Every structure is written in structure tokens, then in C-alpha cells.
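Coordinate analysis (summary)
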Amino acid sequence: MLVADRIHMLGTRSVHWYAVEDGGRFTVIDMGNPKQWPQLVTLLDSLGHSLDVVEAILLTHAHPDHVGNAEYVRVESGAKVWVHPADEAMATGEAPMRMPPSIVKYLWRPAVFRYMVTAMREGAMKPPPIRELAFFNDGEELDVPGKPRVIHTPGHTPGSCSLHMPQRSALFAGDALATYNPFTSSIGPTLLPDLVTVDMVEARKSLERLVDIKAETVFVGHGEPWTGGVLEAVQAVRQTAPAGG
Ligand SMILES: [Zn+2]
């Protein structure tokens, strides 16, 4: 689905990812769950392209519902897969993501149960490890389609990053914030809960790194794009309870 100027949204209700076009070349931001990669092929096919137009896959963080099967697309297209160094071990499968045992306490919630079942069905329990990675760091402007600038926004994971494309007035926030909480089904800007966020205090602090970003649209991993500006999105998150759900 085309959601903004040459920005396509992929994924399902539970997780979104993006393909950004620039002069016939593509940057893919996150890849959803492992079994969602064919959506990228379908999109490119509908535009008259094949996978080899993918130049870069940028991972906002290395959780399995964002890494997806980036490895397959990397091998098939020759694209580089980028991530922040602090999430390297998760991306290579050396230190896989673990849900805290407290997850069982939440499974009675229909939204949580549904989310877990979808994640399992779409392969999130077994993300293919990435065999070759490139790394980005805070403040870097990447010479890839869309020319994103990296803002390190740790908390959800140590290597969580947001990507700003000033020319598109777009911020890709990954899970630094969400507009849908799949664990409660609530809609509106929020932090994802401590079930999946390693450091809630740091996550909240990282929002302050975003307030000065000039962008109309905030594209997130979970929920619909927010079109009311970055500052307004952050302000809405600030009003949520510290536990974030
Ligand atoms: Zn995540």
C-alpha cells in the first residue's frame, strides 16, 4: 500500500514495515515477521521491478518481527543489511530475543494471545540469522535511497534506532514508539510495554531525542502512520502511563 510520497507500507495489522523508493532503487525499513518477505516481491513485481532494485535493508532493531527474512532478500538481491552495533548479537542469532516468563500472565488477554499466535504462524520464533551485516551509528546520514539520518533511540532494545528522511518529512521510529499496542489493542501513540521493551526508562528518555525532528509523518512498527508531526506524537506518548500498557 502506497502511504506517502514513494513510501509503501507492508506487513499485517500486527506489524508494519516499509519500502522507500528513490529513482528506481529501494531502501527497505524492517521486514516484518519471517514469512512476510513475499510481500516485498509482490510489491516490486507490481511496480515492474525484481528484488535486485533493493539496495539496503535498514533494521530499526533486531527483534524477530522486524528482522524477518532479511537474510533471504540480502542473498537474493545483494542488498546490504544494516543495524546498530548494539543489536548485532540478536541479528546474527547469537543472542536471540527472549520473552520474559511473565508473558504467561498476559496470555489470557485476547490481544496478547492473538499477537503471539500470529507471530508464531509467521515464523517469529525462528528468525533466519543474518550472516553479513553493515552497521550504522547515531548521527550518520546513509548514502542509500531516501538518504536517512540515524537517530539512536535505545530502550526498546539497546540498538533501537529511528531513521529520519528530511526530504520526505518522514520519521521511521521502529518500536521507539507505537501507535497501536498489540498487547492491549489500544490505539494512539504509546511505548510498547516492558514485556518487549528492555528498558522503559531509557525508552522514555529516547523520546526526547526525537522532539526536535521536523517531520509530518511518523511511521511505526506497530500501528498506522501518525500524520500529526513528531512533537505531537511524543507529547501524546508522554501522557500515557509510565508502564506504557
Ligand atoms: Zn520490537
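Quick look at the structure, then. (Residues numbered from 1 in each chain as written. Predicted model: local features only at pLDDT ≥ 70, side-chain atom pairs only at ≥ 80, totals over all residues. Heavy atoms only, no water.)

Some details on the layout of surface pockets
Quick reminder of the rule: Here a cavity denotes grid points, spaced 1 Å and computed from the protein atoms alone, that fit a 1.4 Å probe unable to get out, and a pocket denotes an open set having protein on both sides within 12 Å along at least 5 of 7 lines; residues with an atom within 4 Å of a point are the lining. Grid points are joined across faces, edges and corners, and a volume is the space filled by probe spheres set on the points. Numbering goes from the N terminus for both helices and strands, where a helix is a DSSP run of H or I of at least four residues and a strand is a run of E of at least two. Note that Gly is not counted as nonpolar here; it falls among the polar residues with everything else outside the nonpolar set of Ala, Val, Leu, Ile, Met, Phe, Trp, Tyr, Cys and Pro and the charged set of Asp, Glu, Lys and Arg.
Quantified by volume, the largest pocket comes out at close to 400 Å³. Surrounding the largest pocket, 29 residues form its lining, His-63, Pro-64, Asp-65, Met-97 and Ala-124 being those nearest its centre. Those elements that provide at least two residues to the lining of the largest pocket are α2 (64–67), α4 (88–91) and α5 (110–121). Sort the elements by how many residues they give to the lining of the largest pocket and α2 lands first, with 4 residues. Its residues placed into classes, the lining of the largest pocket shows 20 nonpolar, 6 polar and 3 charged.

Digging into the packing of aromatic side chains
To be explicit about the condition: Note on aromatic contacts: the rings of Phe and Tyr and the six-membered ring of Trp form a pair at centre separations within 6.5 Å, being stacked when their planes are under 30 degrees apart, edge-to-face when over 60 apart, and tilted otherwise. Throughout this description, buried means an accessible area under 20% of the type-specific maximum (1.4 Å probe, protein chains only), exposed means over 50%, and partly exposed covers the range between.
Tallying each qualifying case throughout the model produces 5 aromatic pairs. Between the aromatic rings of Tyr-18 and Phe-219, the centroid separation amounts to 5.2 Å while the plane-to-plane angle is 65°, which identifies the pairing as edge-to-face. Of this pair, Tyr-18 sits in strand β3 (residues 16–22) while Phe-219 sits in strand β13 (residues 217–220), and the two are 201 residues apart along the sequence. For the pair Tyr-18 and Phe-219, one class covers both residues: buried. Centre to centre, the rings of Phe-172 and Phe-219 are 4.9 Å apart; their planes meet at 15°, and the pair counts as stacked. On the criterion of sequence distance, the pair formed by Phe-172 in strand β10 (residues 170–174) and Phe-219 in strand β13 is long-range, its members being 47 residues apart. For Phe-172, a relative accessible area of 1% translates into the label buried. Residue classification places Phe-219 among the buried residues on the basis of a relative accessible area of 1%. Taken together, the ring pairs in this structure connect Tyr-18, Phe-172 and Phe-219 into an aromatic cluster.

Topic: the coordination of the zinc ion
Put simply, a metal with four donors set out as a tetrahedron has ideal angles of 109.5 degrees, and one with six donors set out as an octahedron has ideal angles of 90 or 180 degrees. Under the convention used in this document: For Na, K and Ca the donor cut-off is 3.2 Å, and for all other metals it is 2.8 Å, counting N, O and S atoms only; because water is absent from this set, sites may look incomplete. Any coordination sphere not matching a tetrahedral pattern (four donors, all angles between 85 and 135 degrees) or a square planar or octahedral pattern (four or six donors, opposite donors over 155 degrees apart, other angles between 65 and 115) is reported as irregular.
Around the zinc ion, the protein contributes the donor atoms His-61 (NE2), His-63 (ND1), His-156 (NE2) and Asp-175 (OD), which lie 2.1 to 2.4 Å from the metal centre. Around the zinc ion sit 4 donor atoms, and with donor-metal-donor angles ranging over 84 to 171° the site reads as irregular. All donors to the zinc ion come from one chain, and their sequence spacing reads H-x1-H-x92-H-x18-D. Of the two residues, His-63 sits in the loop between β5 (54–58) and α2 while His-156 sits in the loop between β8 (149–152) and β9 (161–165), which places them 93 residues apart along the sequence. The class of His-156 is buried, set by a relative accessible area of 2%.

So, the sheet that holds strand β7 (residues 134–135)
Condition: At least two bridges found by DSSP between two strands are what make those strands a pair. It only takes one pair of heavy atoms within 4.5 Å for two residues to be counted as in contact. Fitting a line to C-alpha atoms yields each axis, with helices limited to the stretch in contact; the angle taken between N-to-C directions then spans 0 to 180 degrees.
Read from one edge of the open sheet, 7 strands run β1-β2-β3-β4-β5-β6-β7, paired in mixed fashion. Looking at which strands have only one partner, the edges of the open sheet turn out to be β1 (2–4) and β7. In this structure, β1 lies alongside strand β2 (residues 7–11), joined through 2 bridges in antiparallel fashion. Pairing of Leu-2 across the sheet is with His-8, part of β2. Sitting on the sheet, helix α1 (residues 38–46) is in contact with β2, β3, β4 (25–29) and β5, with an inclination near 145° to β2.

Description of the environment of His-63
A relative accessible area of 5% places His-63 in the buried class. It is 6.5 Å that separates the C-alpha atoms of His-63 and Met-97, two residues lying 34 residues apart in sequence. Once you skip the residues sitting within four places of it in the chain, His-63 turns out to touch Met-90, Met-97, His-156, Thr-157 and Val-196.

Quick look at the pattern of salt bridges
We apply this condition: Counted as salt bridges are all cases of a side-chain nitrogen of Lys or Arg within 4 Å of a carboxyl oxygen of Asp or Glu.
Under the definition given, this model contains 8 salt bridges. A salt bridge links Asp-5 to Arg-6; its shortest N-O distance comes to 2.9 Å. Residue Asp-5 is classed as partly exposed on the basis of its relative accessible area of 47%. On the basis of relative accessibility, which here comes to 32%, the residue Arg-6 falls in the partly exposed class. Asp-22 is the salt-bridge partner of Arg-6, the closest N and O atoms lying 4.0 Å from each other. Of this pair, Arg-6 sits in the loop between β1 and β2 while Asp-22 sits in strand β3, placing them 16 residues apart in sequence. When salt bridges with common partners are traced through the structure, they connect Asp-5, Arg-6 and Asp-22 into a single cluster.

By themselves these figures say nothing about function.
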